[in-house]
Every structure is written in C-alpha cells, then in structure tokens.
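Chain by chain, the residues:
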Amino acid sequence: AFFDQAAADPAVRCILVKANGKHFMAGGDIAFMDEMIALGRDGRVGRNLEIILAWDEVLKAILATPKPVVARVQGGVVGAPVGLICVCDMVVAGEKAFLSVAHVNHAEAVSGLISWFLPRQIGYKKTLELSMLGDRLSAREAERMGLVNRVVPDEALEAETDALMARLAKG
C-alpha cells in the first residue's frame, strides 16, 4: 500500500528505504524461530509461507513503482533483506556495511526472492557460494560486483544519500 500511494503522489519524486540503528536489516528472528518450533510441522509450514508471501509482496511493490527507490545501508544486511537490496534501483552503503545470505547458518532455504535476483546481478557461482557458505560480503566487494552503487564513509552515509535523493528528485 505504501509504494502504491507513493507512486500515485506527484509530490513524491523518489523513495528512500532506510533503517534506524546499527544495522540495516536482518531476516529471521532467532527467538521467533524458537516459537515456530512450538507450532509443529504443519503450523510452521503455514506460518512460514505467510511470512514469505508477505515479504515477496513488499519486494514486488518496490519493483512495480515507477519512481526510483534508493536503499541507504548501514551495518548488516542479513538473510532475506539481501533480496530487498537487489530490488532497489540504487544502493548507497556505509563502508562498514556487509551483506550475508545467512540462511544456511540456520538450516533454512534461501528466501526473499534472493534466488531469482542475486544470480542475475552477480552470477550463478557467486550466488551459490554466498548461499551455501553464508559468508559476509563487504560493502566494497558488493560495490565491485554491482550490488551497491556507492560506498561512502559511514559518517557521510546520510548526507551522501540525501544528495543522491535530491538529484533524483530533480530529474
């Protein structure tokens, strides 16, 4: 609903996806996963499907908006939010930021549209490596691979992203 409203509002020229705090976003909450175990197999499958479909709808809404969507990334982008980075039109990251397709660390299947977008952006073998090992990808490496447009000093992240947003809004 938010992205539809933003797309329909002529005063909105571009959209910023950001987080507050030390990290951009992590996927599954480990405490929540413990709660999921208590649901039993069928309950777990149903609840996981609901979560995955809801997340996918958010990403599809970003893709459908005709306005530029920029992500401002600090700290970690772990799990399904890597898919969020993939669907944004531009990504500005702080130099200490990192990405990790960490599903393997919790014996989970890769979700968040990562398996669709990541190989198309960085190639099959690198996607497979990140997905099977769960290693961290530094902001600089993500920039080199084309997942991140700009890496800036952490203390300049907000100002640099604001400048990019202002430039996009004028276009």
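Residues numbered from 1 in each chain as written. Predicted model: local features only at pLDDT ≥ 70, side-chain atom pairs only at ≥ 80, totals over all residues. Heavy atoms only, no water.

J.: Break down the environment of Tyr124 for me, citing the residues and quoting the values.
T.: With respect to the helices and strands, the residue Tyr124 is situated in helix H6 (residues 124–133). Each C-alpha atom, one on Tyr124 and one on Ile51, is 26 Å from the other, the two residues being 73 residues apart in sequence. (Helix = DSSP H or I, 4+ residues; strand = E, 2+ residues; numbered from the N terminus.)

J.: Lay out the pattern of salt bridges in plain terms, naming residues and giving numbers.
T.: Here the idea is simple: oppositely charged side chains can pair when their charged atoms come close. One pass over the structure, following the stated rule, counts four salt bridges. Residues Lys60 and Glu57 are paired through a salt bridge, measuring 3.9 Å at the closest nitrogen-oxygen approach. Taken as a pair, Lys60 and Glu57 lie in helix H3 (residues 40–64) at a separation of three residues, close to a single helical turn. We classify Lys60 as partly exposed; its relative accessible area is 44%. For Arg140, the salt bridge goes to Glu143, with nearest N and O atoms at 3.4 Å. Of this pair, Arg140 and Glu143 are both found in helix H7 (residues 139–145), three residues apart, which corresponds to roughly one turn of the helix. For Arg140, a relative accessible area of 43% corresponds to the partly exposed category. Given the relative accessible area of 26%, Glu143 is considered partly exposed. (Salt bridge = Lys/Arg side-chain N within 4 Å of Asp/Glu carboxyl O. Buried < 20%, exposed > 50% of the residue type's maximum accessible area, 1.4 Å probe, protein only.)

J.: Please set out the sheet that holds strand E4 (residues 76–78) residue by residue, giving values where relevant.
T.: Taken together, the four strands give an open sheet; going across it, the order is E2-E4-E6-E7, and neighbouring strands pair in mixed fashion. Each having just a single partner strand, strand E2 (25–26) and strand E7 (136–138) make up the two edges of the open sheet. In terms of strand pairing, strand E6 (residues 98–100) meets E7 through three bridges, oriented antiparallel. Its bridge partner being in E7, Phe98 is matched across the sheet by Ser138. (Pairing = 2+ DSSP bridges.)

J.: Requested: an account of the packing of aromatic side chains, with residues and values cited.
T.: Here the structure, examined in full by the defined rule, presents one aromatic pair. Where Phe2 meets Phe3, the ring centres are 5.1 Å apart and the plane angle is 85°; that geometry is what we call edge-to-face. Residue placement shows Arg120 over the ring face of Trp116; its charged tip is 3.2 Å from the ring centre. Geometry around Phe98 places Arg136 over its ring, the cationic atom sitting 3.7 Å from the centre. (Phe/Tyr/Trp six-rings, centres within 6.5 Å; stacked < 30°, edge-to-face > 60°. Lys NZ or Arg CZ within 6 Å of the ring centre and 35° of its normal.)

J.: Kindly report on the nonpolar core, identifying the contributing residues and their values.
T.: Counting residues in each nonpolar core, the largest one holds 36 residues, and the members touching the most others are Phe24, Val73, Leu84, Ile85, Leu99, Leu118 and Leu147. In terms of residues, this core owes the most to one element, helix H4 (residues 81–87), which gives five residues. Contacts of Leu99, omitting those with residues within four sequence positions, involve Val77, Val82, Ile85, Asp135, Arg136, Leu137, Ala142 and Leu147. One finds Val70, Val92, Leu164 and Met165 within the second-largest nonpolar core, a separate group that totals seven residues. (Core = buried A, V, L, I, M, F, W, Y, C linked by side-chain atoms within 4.5 Å. Contact = heavy atoms within 4.5 Å.)

J.: Outline helix H8 (residues 157–170), supporting the account with residue identities and numerical values.
T.: Taking 1.5 Å as the rise per residue, H8 with 14 residues should run 20 Å; its terminal C-alpha atoms sit 20 Å apart, in good agreement. If you check which residues of H8 are buried, you get Leu157, Thr161, Leu164 and Met165. For H8, the angular spread of the buried residues around the axis is 100°, confining them to a single face. For H8, the exposed residues lying more than 90 degrees away from the buried face are Ala159, Arg167 and Lys170. (Expected span 1.5 Å × (residues − 1). Arc of directions from axis to C-beta.)

J.: An account of the environment of Pro81 is needed here, citing residue identities and associated values.
T.: On the secondary structure map, Pro81 appears in helix H4. We classify Pro81 as buried; its relative accessible area is 1%.

J.: Describe the pairing of strand E3 (residues 69–73), and please don't skip the residues or the numbers.
T.: The element E3 is extensively covered by neighbouring structure, given that five of its five residues are classed as buried. Along E3, one buried face is formed by Val69, Ala71 and Val73 and the opposite face, lined by Val70 and Arg72, is buried too. Bridging between strand E1 (residues 15–17) and E3 involves three bridges; their strand directions are parallel. Its bridge partner lying in E3, Leu16 is registered against Val70. Relative to strand E5 (residues 90–94), E3 is paired through four bridges, and the arrangement is parallel.

By themselves, these observations are geometric and do not establish any function.
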